[in-house]
Amino acid sequence: MNEIIIVASLGILTLLAEIFNFKKLILPLVVAGLAANIVVGIMEFDLASYYNDADTLRMIESDLYAKCFMMLLSIIALVWVLVNYNFFSDETNQTDHLALILFAIVGGFCMVAYTNFVMLFLGIEILSIPMYVLAGSNKRSLRSNEATLKYFLMGSFATGILLFGITLIYGSIGSFYVYDVRMKTASVDFTITPMFTIGVVMLIAAMAFKVSSAPFHFWAPDVYSGSPTSVTSFMATFVKTAAIAAFMRLFITAFPTAIESYKNVFFILIIASLFIGNIIAVFQTNAKRLLAYSSISHVGFMLLALLCLSEATSLKSLFFYTTAYSFTTLAAFLVLKIVSENASGDDDISVFNGLAQRNPLLAGTMTIALLSMAGIPPLSGFFAKYNMLFMALNHGYLWLVIIAILASLVGVYYYFKIIIAMFTRNSTDSTAIPLSLLQKSLLVLLMLIIITIGWNGWVFNLI
Amino acid sequence: MEIIKGVPLTSYILLCSMLFSIGVLGVLYRRNALVIFMCIELMLNSVNLLLVAFSRYYSDSNAQVFVFFIMAVAAAEVSVGLAILMMIYRNTKTTDIDALNKLKF
């Protein structure tokens, strides 16, 4: 709860600071505020579920699940703001962007902690509306314009479907409160009506859209490649983590028993995400589009946790997977951002040519990040995939595990395409890429996180 | 009021499903961004109508409060959407979504 209050007031403060001409102070203040938010979160970690949801009119609950994901989201947000320091520092409308980001973070917090469908809807919208604006923040660029319009139209379309789903569920249950839904659906005299089924399927479709799982992924590559790189990295890490956490929470709180009835839907989502994500990524020449398709394939892995909800390790696996995935993606996007800014905004894969000679630190970080995404041991991406597949195997889905492994083998090919370009190709421009101290320390930090996070399993056992 | 109370719930569900379907089809088939906005609004408003109908059926005011939330969010969404459309119109001089085809496979 405190997280929401801190970040929301930080957002309002940012807007006020613009009026009172404290522009220079805003960015350090926001960084300090986000850091303070993490400290408060850690200090209150043991108090998880101290606030029960009756205090918040049965809207939000800070249980362990919400607390863990809020901490993860706070850390991603802080690292993101530090990584994209220059996205804000040299712009005329930096306060608007910062305020929008801060409010989007509040939306993400609501999405991982809701106990009421109203709050789920509000969280999604509080997160999405700032993202629509930020996706189009490069106002003169037609690509950015197109990205924001596509994101907006498809996002609000998905919102409409989500709302209709919620309404149909309300119509058959009579309450928006997730634990009421759980109680009613678990009772013996509850018969599954067509209305309820359609509602749940619409809800799943809308959430699958928000996490950009295939076959609802069509917006993701376009929006990712058209938006400014900083915003893309926020979408690929923060928004995706919040959305998948909200999707998971839907099933652990509202319909824990329903997952067996809808498992065919999840088979389609998982298999389509794994194959479409990995196979189409092979043909991409734009690095941002490639990372977008790779993120779709990662969603396929994350959805395995939803499918095997009854396993004891499913929450742990999902939490660890999102943690590993987010930091890996942040590192990859940081390198991409620095490299493409150096090549005057070009984000084709060819900008990576000869990066190992131009800047070994950048090339090293990118290699570690890509190897982690491909699932090479001993990096965190390997442990994330291992936990997921082990859980699915325990649940008896051997065929799904084989499909997932085959699909991620295809993934190794396109990740290595970038690595080979960095180490063997020659660049047309062989000048060294200068890095600031902040960028250097962030690269090293992210690299260390990616390498070590999976070793002793403390992240895995946190939740 | 008496006449409205006499309408069975099924009729509301049918009407709202039809309105929602019209909205969905409009989003899928129309090519003008403004008309697509209106179709999305139609989808949201059909949800509002259905929520109010259910609210009466269950005598539960939660759904009516939710309607206000949806209206507020829809207003925010449309204001952002119109701003996006204005920005695009300045750059391309059209609101046809087929004009935006820079991002492709």
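Residues numbered from 1 in each chain as written. Chains lettered and ligands numbered in written order. Predicted model: local features only at pLDDT ≥ 70, side-chain atom pairs only at ≥ 80, totals over all residues. Heavy atoms only, no water.

The next point concerns the overall build of chain A. Helix and strand counts for chain A come out as 19 helices and zero strands. Counting every position in chain A, which comprises 463 residues, the buried fraction comes to 66%. In chain A, of all internal contacts separated by at least 6 residues, the share reaching a separation of at least 24 is 81%. Carbon together with sulfur atoms contributes 69% to the accessible area of chain A, which is approximately 15,700 Å² in total. Of the side chains in chain A, 23 bear a positive and 23 a negative charge, and the two mean positions are spaced by 7 Å. (Helix = DSSP H or I, 4+ residues; strand = E, 2+ residues; numbered from the N terminus. Buried < 20%, exposed > 50% of the residue type's maximum accessible area, 1.4 Å probe, protein only. Contact = heavy atoms within 4.5 Å. Areas by Shrake-Rupley, 256 points an atom, 1.4 Å probe, with all protein chains shown as cover. Lys, Arg positive; Asp, Glu negative; His and termini not counted. Charge placed at Lys NZ, Arg CZ, Asp CG, Glu CD.)

The helix and strand tally for chain B stands at four helices and zero strands. Ordered by position from the N terminus, the helices and strands of chain B form the series α-α-α-α. For 105 residues, the compact-globule estimate of 2.2 N^0.38 gives 13 Å, and the C-alpha radius of gyration of chain B, at 17 Å, exceeds that figure by more than 25%. The C-alpha extent of chain B, read off along each of the three principal axes, is 55 × 25 × 25 Å. The buried share of chain B, reckoned over its 105 residues, is 38%. Counted over contacts in chain B with a minimum sequence separation of 6, partners at least 24 positions apart contribute 54%. Total accessible area on chain B stands at roughly 6,000 Å², and carbon and sulfur atoms take up 67% of it. (Rg over C-alpha atoms; globule rule 2.2 N^0.38 Å.)

Right, let's get into the interface of chain A and chain B. Listed by partner, the interface residues are 46 residues for chain A and 44 residues for chain B. Regarding the contact of chain A and chain B, the summed buried area is about 3,700 Å², with carbon and sulfur atoms giving 80% of it. Put simply, chain A and chain B have zero salt bridges between them. At the junction of chain A and chain B, the tally comes to four residue pairs in polar contact (both at pLDDT 80 or more). When contributions to the side of chain A that touches chain B are tallied by element, the ones reaching two or more residues are helix H6 (117-135), helix H7 (142-173), helix H9 (194-210), helix H10 (219-226) and helix H13 (287-307) of chain A. In terms of residues, the side of chain A that touches chain B owes the most to one element, H7(A), which gives 24 residues. (Buried area = accessible area lost by both parts, 1.4 Å probe. Salt bridge = Lys/Arg side-chain N within 4 Å of Asp/Glu carboxyl O. Polar contact = N/O pair within 3.5 Å; in protein donor to acceptor, adjacent residues only side chain to side chain.)

Next up on the list: a positive patch on the surface. Residues Lys139(A), Arg140(A), Arg90(B) and Lys93(B) make up a contiguous surface patch of positive charge. As for its placement among the helices and strands, Lys93(B) is situated in the segment after helix H4 (62-92). Take Lys93(B): its relative accessible area is 59%, and that puts it in the exposed class. (Patch = residues over 30% accessible without salt bridge, like charges linked within 9 Å, V, L, I, M, F, W, Y side chains within 5 Å.)

Time to look at unusual backbone geometry. Here Ala214(A) and Pro215(A) are connected by a cis peptide whose omega angle stands at 0 degrees. Tracing the backbone through its elements, the reader meets Pro215(A) in the loop between H9 and H10. That bond from Pro377(A) to Pro378(A) is cis: its omega, 5 degrees, falls within 30 degrees of zero. Position of Pro378(A) among the secondary structure elements: in the loop between helix H16 (360-374) and helix H17 (380-394). Despite not being glycine, Ser212(A) shows a phi value in the positive range, around 55 degrees. Take Ser212(A): it is sitting in the loop between H9 and H10. The class for Ser212(A) is buried, based on a relative accessible area of 1%. Look at Ser59(B): it is not a glycine, yet its phi comes out positive at around 50 degrees.

On average, residues of chain B score 88 in pLDDT, and 94% of them reach the 70 mark or higher. Mean pLDDT across the secondary structure elements of chain B bottoms out at helix H1 (residues 2-6) of chain B, with 72, and peaks at helix H2 (residues 9-29) of chain B, with 93. (pLDDT = per-residue confidence, 0-100.)

Residues and elements named next belong to chain A. On the surface, Ile12, Leu16, Ile19, Phe20, Phe22 and Leu25 cluster together to form a nonpolar patch covering roughly 630 Å² of accessible area. No other element matches helix H1 (residues 2-19), which puts three residues into the nonpolar patch. In this fold, isoleucine 19 is placed in helix H1. For isoleucine 19, a relative accessible area of 58% gives the class exposed.

A word on the packing of H7(A) against H10(A). All names here are of chain A. It is the contact of H7 with H10, at a shortest axis distance of 8 Å, that shows an interaxial angle of 145 degrees. The way H7 lies across H10 gives a crossing that is left-handed. Residue-level inspection shows Arg143, Ser144, Ala147, Lys150, Tyr151 and Met154 of H7 in contact with H10, the latter providing Trp219, Asp222, Val223, Ser225 and Gly226. In terms of residue class, the contact of H7 with H10 is made up of five nonpolar, three polar and three charged. (Axes fitted to C-alpha atoms, helices over the stretch in contact; angles between N-to-C directions. Left-handed = near helix turned anticlockwise from the far one by under 90°. Nonpolar A, V, L, I, M, F, W, Y, C, P; charged D, E, K, R; others polar.)

Residues and elements named next belong to chain A. For isoleucine 252, the position within the fold is in helix H11 (residues 229-254). The spatial distance from the C-alpha of isoleucine 252 to the C-alpha of valine 178 is 9.7 Å, given a sequence separation of 74 residues. For isoleucine 252, the residues in contact, after removing those within four places along its chain, are Tyr65, Arg182, Leu309 and Leu315.

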